[in-house]
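A look at the structure
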Amino acid sequence: MASDRQVIHGVDAEQLTETIETVSENPEVGQFRFYAETEWTDALKCVTEIDEFDQAGERIRTREFHVEGDEPEQILGDRTAPNAVELLLAALGSCLSVGYAANAAAMGIELDDLRFELSGEVDLRGFLGISEDVRAGYEEVTVTTYVDADAPEGELAELRERVEATSPLVDSIANEVPLETDLVVEGSR
């Protein structure tokens, strides 16, 4: 029997609406804590493992993912993988892609094509500790969204506003996020 559910460009719009209603009625269902464990492997290389998260206080084990990191040769790496600031751009692009797909489905907009060009400027004087007047991270990040959809420009502008207002990565990058760090010394000295 064929499903009567409304699926727009692969997103189940009815399930999205049900999820919104569930989280509205039971906010604890929408509480997540995500985890990643990064291990240095050699030189400037590392591997991050992602395989679990908490939802509403319950640990959820998932498929295991590995994300590799390295630096370009110009920054003493071997360029076997993207560096951390490039991975941040990738994470932002991924978050925006999810936001556009989900919000477009909720608005009844069919997406024919969607892509993002992202760039950011980093001045190594901050990272290398040469100048306290230069940030260690991005000076700025630029995102250009290319969308081909069955909607008038005004609706697409509304879609953009909804996505950018609710994107966890846009929020995390644009606003200061409290960061707590700890150091655990292992082994004997």
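Up top is the structure these notes are about.
Residues numbered from 1 in each chain as written. Predicted model: local features only at pLDDT ≥ 70, side-chain atom pairs only at ≥ 80, totals over all residues. Heavy atoms only, no water.

Digging into helix α2 (residues 84–107)
Between its first and last C-alpha, α2 extends 34 Å over 24 residues, near the 34 Å set by a 1.5 Å rise per residue. Those residues of α2 lying buried are Leu89, Leu92, Gly93, Cys95, Leu96, Gly99, Tyr100, Ala101, Asn103, Ala104, Ala105 and Met107. Positive phi appears at glycine 108, one or two residues downstream of α2, with a value of about 75 degrees. (Helix = DSSP H or I, 4+ residues; strand = E, 2+ residues; numbered from the N terminus. Expected span 1.5 Å × (residues − 1). Buried < 20%, exposed > 50% of the residue type's maximum accessible area, 1.4 Å probe, protein only.)

So, the packing of aromatic side chains
A complete count under the given rule lists four aromatic pairs for this structure. For the ring pair phenylalanine 32 and phenylalanine 53, a centre distance of 5.7 Å and an interplane angle of 35 degrees mean the geometry is tilted. Residue phenylalanine 32 is found in strand β3 (residues 32–34), and its partner phenylalanine 53 is found in strand β5 (residues 45–55); the two are separated by 21 residues along the sequence. Overall, the relative accessible area of 40% leaves phenylalanine 32 in the partly exposed class. Arranged with centres 5.7 Å apart and planes meeting at 40 degrees, the rings of phenylalanine 34 and phenylalanine 53 form a pair that is tilted. Of the two residues, phenylalanine 34 is situated in strand β3 and phenylalanine 53 in strand β5; the sequence distance between them amounts to 19 residues. Clustering of aromatic rings is evident, with ring pairs tying together Phe32, Phe34 and Phe53. Between arginine 115 and the ring centre of tyrosine 146, over which it is positioned, the NZ or CZ distance is 4.1 Å. (Phe/Tyr/Trp six-rings, centres within 6.5 Å; stacked < 30°, edge-to-face > 60°. Lys NZ or Arg CZ within 6 Å of the ring centre and 35° of its normal.)

Observations concerning the environment of phenylalanine 116
Structurally, phenylalanine 116 is set in strand β7 (residues 111–122). Put simply, phenylalanine 116 and glutamine 15 are 101 residues apart on the chain and 26 Å apart in space, counted from C-alpha to C-alpha. Apart from the residues within four sequence positions on either side, phenylalanine 116 is in contact with Gly93, Leu96, Ser97, Tyr100, Val143, Thr144 and Thr145. (Contact = heavy atoms within 4.5 Å.)

A short note on the nonpolar core
The biggest cluster of nonpolar side chains holds 13 residues, and the ones touching the most others in it are Ile109, Leu156 and Leu159. At the level of secondary structure, the elements contributing two or more residues to this core comprise α2, β7 and α4 (153–166). In terms of residue count, α2 provides more of this core than any other element does, five residues in total. Sequence-distant contacts of leucine 159, defined by excluding residues within four places in its chain, comprise Tyr100, Asn103, Ala104, Met107 and Ile109. Judged by nonpolar contacts, the second largest core, of five residues, contains Ile8, Val11, Ala13 and Ala105. (Core = buried A, V, L, I, M, F, W, Y, C linked by side-chain atoms within 4.5 Å.)

Observations concerning the pattern of salt bridges
Evaluated as defined, the whole model comprises nine salt bridges. Salt-bridge contacts for aspartate 78 lead to lysine 45; the nearest nitrogen and oxygen are separated by 2.4 Å. Placement of aspartate 78 in the loop between β6 (58–69) and α2 and of lysine 45 in strand β5 is noted, with a sequence separation of 33 residues between them. Residue aspartate 78 is classed as partly exposed on the basis of its relative accessible area, which comes to 44%. With relative accessibility at 16%, the residue lysine 45 sits in the buried group. Notably, a salt bridge pairs arginine 61 with glutamate 52, separated by 2.8 Å at the nearest N-O pair. In this structure arginine 61 comes out as exposed when scored by relative accessible area, which is 56%. Overlapping salt bridges bring together Asp51, Glu52, Asp54, Arg59 and Arg61 as one network. (Salt bridge = Lys/Arg side-chain N within 4 Å of Asp/Glu carboxyl O.)

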